[in-house]
There are 2 protein chains.
Amino acid sequence: MTPTAKSTPVLRVDKVSDARLRDLVGYQMKRAFNVVQADLIRTLKPFELRMLTYTALVLIADNPGLRQSQLADAMDIERPNLVVIIDELERRALINRDRVASDRRAFALMATLAGTHLAAAASKAVARHEHRLLGAMDQDTRETVIAAMTQIQQGQHGGTK
Amino acid sequence: MTPTAKSTPVLRVDKVSDARLRDLVGYQMKRAFNVVQADLIRTLKPFELRMLTYTALVLIADNPGLRQSQLADAMDIERPNLVVIIDELERRALINRDRVASDRRAFALMATLAGTHLAAAASKAVARHEHRLLGAMDQDTRETVIAAMTQIQQGQHGGTK
DNA sequence: TATTGTTATACTCTATAACTATA
DNA sequence: TATAGTTATAGAGTATAACAATA
């Protein structure tokens, strides 16, 4: 009972061809980013951080006095989406949210001691995660990739720089 | 009244420093991918396609007889998440879902004529979108980036190739 | 009027467990 | 028992409109 593909209207596909997609930078970026993201989630889990809470915490720790609107800009996310992130970091006492005296609409963000320490510990784990995923990639290639990613982002704002 | 950092609890941040993040490939990939994704969404909107429905449609069109499980593997998504995508494409009569005679658990996927045409039209728009975003990037760099993205994906499965 | 932060909401993508029908 | 597809569900990221308080 050897089934020949001949007469059957549907063929068994042995190897899936992605010829129309494989040369798209966006397609490969998405697939690679999924891999990176999955590993980063595992990396940050012990710290009870996610990509966005980690990024926000580090930026706050490194930029004391930062306002939420500045942070949202820096993180390239919408203001409403930042609120829950800040809420979470504040609830865990990793940051403080202080009213700015000179502009009482705004909040100034500061990492607490606990937040500073957590950011440092998580950053070490993230560095190991990068090395794990990219250790085989030589430094030249890595720099080329980062430059390319930066270029894509800049194209967004119309600048060729 | 020059405010020295000393006594003031909160400082105004003029320029946000991302020193701890900017050299992370994952960080730059995320930001660049957000830009690409936003533009791709706009690109596919006229065709009423999204990233995943576009990818699925092209892969089905180029691999007639494909099974859902093969497609899920090729797209690197979980089977349950593919179902709604296939449902949508079938509802729009862009693909057919036929029972495989030799294995009645499986479905063989085939693009309809309409699906084939939509995939072709959308692919042209996607090519323009890539050119718009990456036109300024020279071919060498583009190939290096794609190779790097592929390498990251392969690292996932433990193979160094 | 414009801006800061907020609430509410919706859509998309991702991930897991549990089910069915077939093998 | 294992596999193909399905259902249900939950978590996370992204985006927009509308609002209060303040500038």
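Just above sits the structure.
Procedures and definitions
- Residues numbered from 1 in each chain as written.
- Chains lettered and ligands numbered in written order.
- Predicted model: local features only at pLDDT ≥ 70, side-chain atom pairs only at ≥ 80, totals over all residues.
- Heavy atoms only, no water.
- Near = heavy atom within 4 Å.
- Polar contact = N/O pair within 3.5 Å; in protein donor to acceptor, adjacent residues only side chain to side chain.
- Helix = DSSP H or I, 4+ residues; strand = E, 2+ residues; numbered from the N terminus.
- Contact = heavy atoms within 4.5 Å.
- Buried area = accessible area lost by both parts, 1.4 Å probe.
- Salt bridge = Lys/Arg side-chain N within 4 Å of Asp/Glu carboxyl O.
- Pairing = 2+ DSSP bridges.
- Least-squares fit on C-alpha atoms with pLDDT ≥ 70 in both.
- Nonpolar A, V, L, I, M, F, W, Y, C, P; charged D, E, K, R; others polar.
- Core = buried A, V, L, I, M, F, W, Y, C linked by side-chain atoms within 4.5 Å.
- Buried < 20%, exposed > 50% of the residue type's maximum accessible area, 1.4 Å probe, protein only.
- Axes fitted to C-alpha atoms, helices over the stretch in contact; angles between N-to-C directions.
- Parallel < 35°, antiparallel > 145°, perpendicular 65-115°, else oblique.
- Left-handed = near helix turned anticlockwise from the far one by under 90°.

Which residues make up the protein's contact with DNA strand D, and what values do they have?
For DNA strand D, the set of nearby residues contains 21 residues, the closest of which are A:Asn81, B:Gln68, B:Ser69, B:Arg97 and B:Arg105. Looking at DNA strand D alone, sugar and phosphate atoms form 61% of those within 4 Å of the protein. In the environment of DNA strand D, a phosphate oxygen lies 3.0 Å from a nitrogen or oxygen atom belonging to the side chain of A:Arg50. Between B:Arg105 and DNA strand D, the recorded distance is 2.7 Å, taken from a side-chain N or O atom to a base oxygen. Of all elements in the fold, only helix 4 (79–91) and strand 3 (103–111) of chain A together with helix 1 (25–44), helix 3 (68–75), helix 4 (79–91) and strand 3 (103–111) of chain B reach the threshold of two or more residues within the surface near DNA strand D.

How would you summarise the interface of chain B and chain A if you had to cite specific residues and measurements?
Counting from both sides, the interface comprises 64 residues of chain B and, opposite them, 65 residues of chain A. Counting each side, the surface lost to burial between chain B and chain A is near 6100 Å², with a carbon and sulfur contribution of 66%. Three residues stand out in chain B for area buried against chain A, namely B:Arg20, B:Val25 and B:Ile152, and they jointly supply 10% of the buried area on that side. Linking chain B with chain A are four salt bridges. Residue A:Asp62 is joined to B:Arg20 by a salt bridge in which the shortest nitrogen-to-oxygen separation is 2.7 Å. Counting every contact that joins chain B to chain A gives 21 residue pairs in polar contact (both at pLDDT 80 or more).

Tell me about the pairing of strand 3 of chain B, residues and numbers included.
All names here are of chain B. Two strands pair when backbone bridges link them, and strand 1 (residues 66–67) and strand 3 are joined in this way by two bridges, in the antiparallel orientation. Opposite Leu66, over in strand 3, you have Leu109 as the bridge partner. Where strand 2 (residues 95–100) meets strand 3, six bridges bridge the pair, whose relative direction is antiparallel. Opposite Arg97, over in strand 3, you have Leu109 as the bridge partner. Here strand 2 folds back onto strand 3 in antiparallel fashion, the turn holding two residues.

How would you explain the pattern of salt bridges if you had to name every residue and give the values?
All names here are of chain A. A complete count under the given rule lists 22 salt bridges over all chains for this structure. Ionic pairing is found between Asp18 and Arg22, a salt bridge with its closest N-O pair at 3.1 Å. With a closest N to O distance of 2.9 Å, Arg97 and Glu90 form a salt bridge. Within the structure, one salt-bridge network assembled from shared partners comprises Asp39, Arg42 and Arg132.

How would you explain the relation of the copies chain B and chain A if you had to name every residue and give the values?
Note: a rotation about an axis with an accompanying shift along it relates these two copies of the chain. Superposing chain B onto chain A takes a rotation of 180° plus a shift of 0.0 Å along the axis, which leaves an RMSD of 0.1 Å. Such a combination of rotation and displacement between the chain copies is what one expects of a two-fold axis. Relative to the rotation axis, the closest C-alpha in chain B is found at B:Val145, a distance of 2.8 Å. A symmetric contact is evident, with 98% of the interface residues of chain B recurring at the interface of chain A.

So what's going on with the protein's contact with DNA strand C? Which residues, and what values?
Near DNA strand C you find 22 residues, and of these A:Lys30, A:Gln68, A:Ser69, A:Arg105 and B:Asn81 are the closest. Each atom of DNA strand C within 4 Å of the protein belongs either to a base or to sugar and phosphate, the latter forming 62%. Contacts to DNA strand C include A:Arg105, whose side-chain N or O atom sits 2.8 Å from a base oxygen. Listed by contribution, the elements that provide at least two residues to the surface near DNA strand C are helix 1 (25–44), helix 3 (68–75), helix 4 and strand 3 of chain A together with helix 2 (51–62), helix 4 and strand 3 of chain B. Taken together, the residues of the surface near DNA strand C break down into eight nonpolar, four polar and ten charged.

So what about the nonpolar core? Which residues, and what values?
Counting 96 residues, the largest nonpolar core has A:Leu71 and B:Leu71 as the members making the most contacts within it. Non-local contacts of A:Leu71, meaning those with residues more than four positions away in its chain, are made with A:Ala56, A:Leu59, A:Ile60, A:Leu66, A:Leu82, A:Ile86 and A:Leu109.

So what about the packing of helix 2 (residues 51–62) of chain A against helix 5 (residues 113–134) of chain A? Which residues, and what values?
Each pair of packed helices gets described by two things: the angle between the helix axes and the distance between those axes. Residue and element names in this part refer to chain A. Remark: helix 2 packs on helix 5, axes separated minimally by 9 Å, with the N-to-C direction vectors making an angle of 120°. By the angle between their axes, helix 2 is oblique relative to helix 5. Pair helix 2 / helix 5 crosses with left-handed handedness. Taken together, the residues of helix 5 that come into contact with helix 2 (itself represented by Tyr54, Leu57 and Val58) are Gly115, Leu118, Ala119, Ala122, Ser123 and Val126. Its residues placed into classes, the contact of helix 2 with helix 5 shows seven nonpolar, two polar and no charged.

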